[in-house]
Amino acid sequence: LIFKEIFPFNCHDIKLINGDTFGYINGSKEINTEKYLLGGLTLWNVATNEKDFLPSNRYGFSKFTANHKYNIFACAEYGLDPQINVYSYPDKEIIYTFESISSQMYSHFVDPGQLDVIDLFISRNGKRLLAVFGCPKYEIKVWDLESGEE
């Protein structure tokens, strides 16, 4: 299977989650109304051409990363004080949730919620999650995905 060019509607990257499945931030599907909402994650199995949708728990996903060798992926939520969830694949179970990140990092600011996730990466060995944060103070955080510790 060869892809020459593919762009989801929001121009986010398409990442390989496992041998046959790609993921990208796109619309999440409301089952009852068949309505598409912004900010979910599309999981596309190219072998069967089936698509599955992982809806956001809050305001949509701003960033997404995956490690196809270890069948894990992570999504960062939009909004103030974003949370980051790390999922296993194919069951889509949450392995870790990192929340209140900006409150922990910036409790001395008047409005600690003005922190956004600029990018996410999972290490090649699948043991670390790196998050790059934006305003009010640009920082990088790294978590151990075996212990959940920073």
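These numbers were taken from a predicted model, which means no experiment stands behind them. (Residues numbered from 1 in each chain as written. Predicted model: local features only at pLDDT ≥ 70, side-chain atom pairs only at ≥ 80, totals over all residues. Heavy atoms only, no water.)

Details of the overall build of the chain
Along the backbone of the chain there are one helix and eleven strands. Overall, the chain shows an N-to-C arrangement of helices and strands of β-β-β-β-β-β-β-β-α-β-β-β. Residue burial in the chain is summarised as follows: out of 150 residues, 42% are buried. In the chain, of all internal contacts separated by at least 6 residues, the share reaching a separation of at least 24 is 35%. Roughly 8,700 Å² of accessible area belongs to the chain as shown, and the carbon and sulfur atoms make up 50% of that amount. (Helix = DSSP H or I, 4+ residues; strand = E, 2+ residues; numbered from the N terminus. Buried < 20%, exposed > 50% of the residue type's maximum accessible area, 1.4 Å probe, protein only. Contact = heavy atoms within 4.5 Å. Areas by Shrake-Rupley, 256 points an atom, 1.4 Å probe, with all protein chains shown as cover.)

Re the pairing of strand S10 (residues 128-133)
Going residue by residue along S10, you find Leu 129, Ala 131 and Phe 133 tucked away on one face and Arg 128, Leu 130 and Val 132 left uncovered on the opposite face. Strand direction decides the pairing type here: strand S9 (residues 117-122) and S10, joined by five bridges, are antiparallel. Each bridged residue has a counterpart across the sheet, and for Asp 119 the counterpart in S10 is Val 132. Hairpin connection from S9 to S10: five residues lie between these consecutive antiparallel strands, with Gly 126 at a positive phi of about 70 degrees. For S10 and strand S11 (residues 139-144), the ladder comprises six bridges, and the chain directions are antiparallel. Looking across to S11, one finds that Val 132 is bridged to Ile 140. (Pairing = 2+ DSSP bridges.)

Some remarks on the nonpolar core
Core analysis: the biggest nonpolar cluster contains 15 residues, and Ile 84, Val 86, Phe 98, Leu 120, Leu 129, Trp 143 and Leu 145 have the highest contact counts within it. Looking at this core, the elements with two or more residues in it are strand S6 (72-77), strand S7 (84-88), strand S8 (94-98), S9 and S10. Leu 43, Leu 54, Ala 66 and Phe 73 belong to the second largest nonpolar core, which has twelve residues in total. (Core = buried A, V, L, I, M, F, W, Y, C linked by side-chain atoms within 4.5 Å.)

Quick word on the sheet that holds S11
Read across the open sheet, the three strands follow the order S9-S10-S11; overall the sheet is antiparallel. With one partner strand each, in any of the chains shown, S9 and S11 form the two edges of the open sheet. Neighbouring strand axes in the sheet, compared pairwise and without regard to direction, differ in orientation by 15 degrees on average. (Axes fitted to C-alpha atoms, helices over the stretch in contact; angles between N-to-C directions.)

Some words on the environment of Val 142
When you line up the elements, Val 142 lands in strand S11. On a C-alpha basis, the gap between Val 142 and Ile 122 in space is 9.6 Å, while along the polypeptide they are 20 residues apart. With residues near it in sequence (within four places) discarded, Val 142 still touches Arg 128, Leu 129, Leu 130, Glu 149 and Glu 150.

Observations concerning the sheet that holds S8
Read from one edge to the other, the open sheet built from four strands follows the order S5-S6-S7-S8, with strand pairing classed as antiparallel. Each having just a single partner strand, strand S5 (61-67) and S8 make up the two edges of the open sheet. Between one strand axis and the next, the sheet turns by 15 degrees as a mean value, whatever way the strands run. Note: S7 against S8, four bridges, orientation antiparallel. Looking at the pairing, Val 86 lines up with Tyr 96 of S8.

Quick notes on the side chain of Gln 83
Relative to the helices and strands, Gln 83 is located in the loop between S6 and S7. Those residues in contact with Gln 83, other than ones at most four positions away along the chain, are Asn 57, Arg 58, Cys 75, Ala 76, Glu 77, Thr 97, Phe 98 and Glu 99.

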